[in-house]
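# Chains, contacts and geometry: an overview
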Amino acid sequence: EANQRWLELSRHLFERIRKTPRKSDRLSIYFRLAEIAQASLQDEQQAVHWHREVLRLDPTSTDSLQYCVDFFSANEMWRELVGAYELALRSRGRGGDEGAMLVQIAMILWKKLGELKAAESYFRRIKLSDPKNRLMLQFYSDFYTAQQDWRRLLGVLTTRQQMEENAERGLELAMEMA
């Protein structure tokens, strides 16, 4: 019976969204619907649906972004996770946590989806702001190997070797260059 009352409240709130012209009011209702789905109904699918609605209206909502990130990661929904990060990245612009989001998107595309070309566009942006980023350099080692671009691979390996603090790993990179 308690679930039925929560469902009725959810339906009532949903109807209010259609009649509410103010964005801030709609955001509040979507947040409340997400809370009800998550805490009262224990329906993660519905909660993520409402959090996505919040992100459509306000892509800078850290609470909704974090909920979606956690949900998509736990359920290995990599494309949806990339989409959530891309939406937030487009709306937030430069600065802040842009670099961290670029790395997250690039890593998911590279490691989880195996999409080197798609990941490269994000690593290219990382390279502009942090040309010695270790993850980016590791990616380009794999990328140029897959592309059979030996000249560029040699440049990346040289940079990685120069940055390497571990002498044994530096020797391994030198062997790879040879």
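Residues numbered from 1 in each chain as written. Predicted model: local features only at pLDDT ≥ 70, side-chain atom pairs only at ≥ 80, totals over all residues. Heavy atoms only, no water.

Here we come to the overall build of the protein. Secondary structure assignment for the protein yields ten helices and zero strands. The N-to-C order of helical and strand elements in the protein reads α-α-α-α-α-α-α-α-α-α. Here the C-alpha radius of gyration of the protein, 22 Å, is well above what a compact globule of 178 residues would show, namely 16 Å. Judged by the C-alpha coordinates and their principal axes, the protein covers about 70 × 30 × 25 Å. Considering the protein as a whole, with its 178 residues, one finds that 37% of them fall into the buried category. Taking as baseline every contact in the protein between residues at least 6 positions apart, the subset at least 24 positions apart corresponds to 35%. For the protein, the accessible area works out to roughly 10,900 Å², and carbon and sulfur atoms hold 49% of it. When the 27 positive and 26 negative side-chain charges of the protein are each reduced to one mean point, those points stand 6 Å apart. (Helix = DSSP H or I, 4+ residues; strand = E, 2+ residues; numbered from the N terminus. Rg over C-alpha atoms; globule rule 2.2 N^0.38 Å. Buried < 20%, exposed > 50% of the residue type's maximum accessible area, 1.4 Å probe, protein only. Contact = heavy atoms within 4.5 Å. Areas by Shrake-Rupley, 256 points an atom, 1.4 Å probe, with all protein chains shown as cover. Lys, Arg positive; Asp, Glu negative; His and termini not counted. Charge placed at Lys NZ, Arg CZ, Asp CG, Glu CD.)

On to the packing of helix H4 (residues 62–74) against helix H5 (residues 78–92). Between two packed helices, the angle of one axis relative to the other and the distance separating the axes together describe the packing. Closest axis-to-axis distance for the H4/H5 pair is 8 Å, and the angle between their directions is 160 degrees. Between H4 and H5, the interaxial angle falls into the category roughly antiparallel. Viewed along their axes, H4 and H5 form a crossing whose handedness is left-handed. Judged by residue contacts, Thr62, Leu65, Val69, Phe72 and Ser73 of H4 engage Trp78, Glu80, Leu81, Ala84, Tyr85, Ala88 and Arg92 from H5. Taken together, the residues of the contact of H4 with H5 sort by class into eight nonpolar, two polar and two charged. (Axes fitted to C-alpha atoms, helices over the stretch in contact; angles between N-to-C directions. Parallel < 35°, antiparallel > 145°, perpendicular 65-115°, else oblique. Left-handed = near helix turned anticlockwise from the far one by under 90°. Nonpolar A, V, L, I, M, F, W, Y, C, P; charged D, E, K, R; others polar.)

So, on to the packing of helix H6 (residues 98–112) against helix H8 (residues 134–147). Contact pair H6 / H8: the axes reach a minimum separation of 12 Å and the direction vectors enclose 30 degrees. Overall, the two elements H6 and H8 adopt an arrangement that is roughly parallel. Judged by the twist between their axes, the crossing of H6 over H8 is left-handed. Here Val103, Met107 and Trp110 of H6 lie close against H8, whose contacting residues are Leu135, Gln138, Phe139 and Asp142. By residue class, the composition of the contact of H6 with H8 is five nonpolar, one polar and one charged.

Applying the stated rule across the entire model yields eleven aromatic pairs. Residues phenylalanine 71 and phenylalanine 72 carry aromatic rings whose centres are separated by 5.9 Å and whose planes lie at 65 degrees to one another, so their mutual orientation is edge-to-face. Ring centres of tyrosine 140 and phenylalanine 143 lie 6.0 Å apart, and the angle between their planes is 85 degrees; this geometry places the pair in the edge-to-face category. With tyrosine 140 and phenylalanine 143 both in helix H8 and three residues apart, the pair spans about one turn of that helix. Pair check on accessibility: tyrosine 140 and phenylalanine 143 agree, each one buried. (Phe/Tyr/Trp six-rings, centres within 6.5 Å; stacked < 30°, edge-to-face > 60°.)

Topologically, alanine 47 is positioned in helix H3 (residues 44–57). Taking the C-alpha atoms as reference points, alanine 47 and aspartate 97, 50 residues apart in sequence, are found 25 Å from one another. In this structure alanine 47 touches Ala34, Ala37, Gln38 and Tyr67, once residues within four positions along its chain are discounted.

Read these as geometric descriptors, not functional statements.
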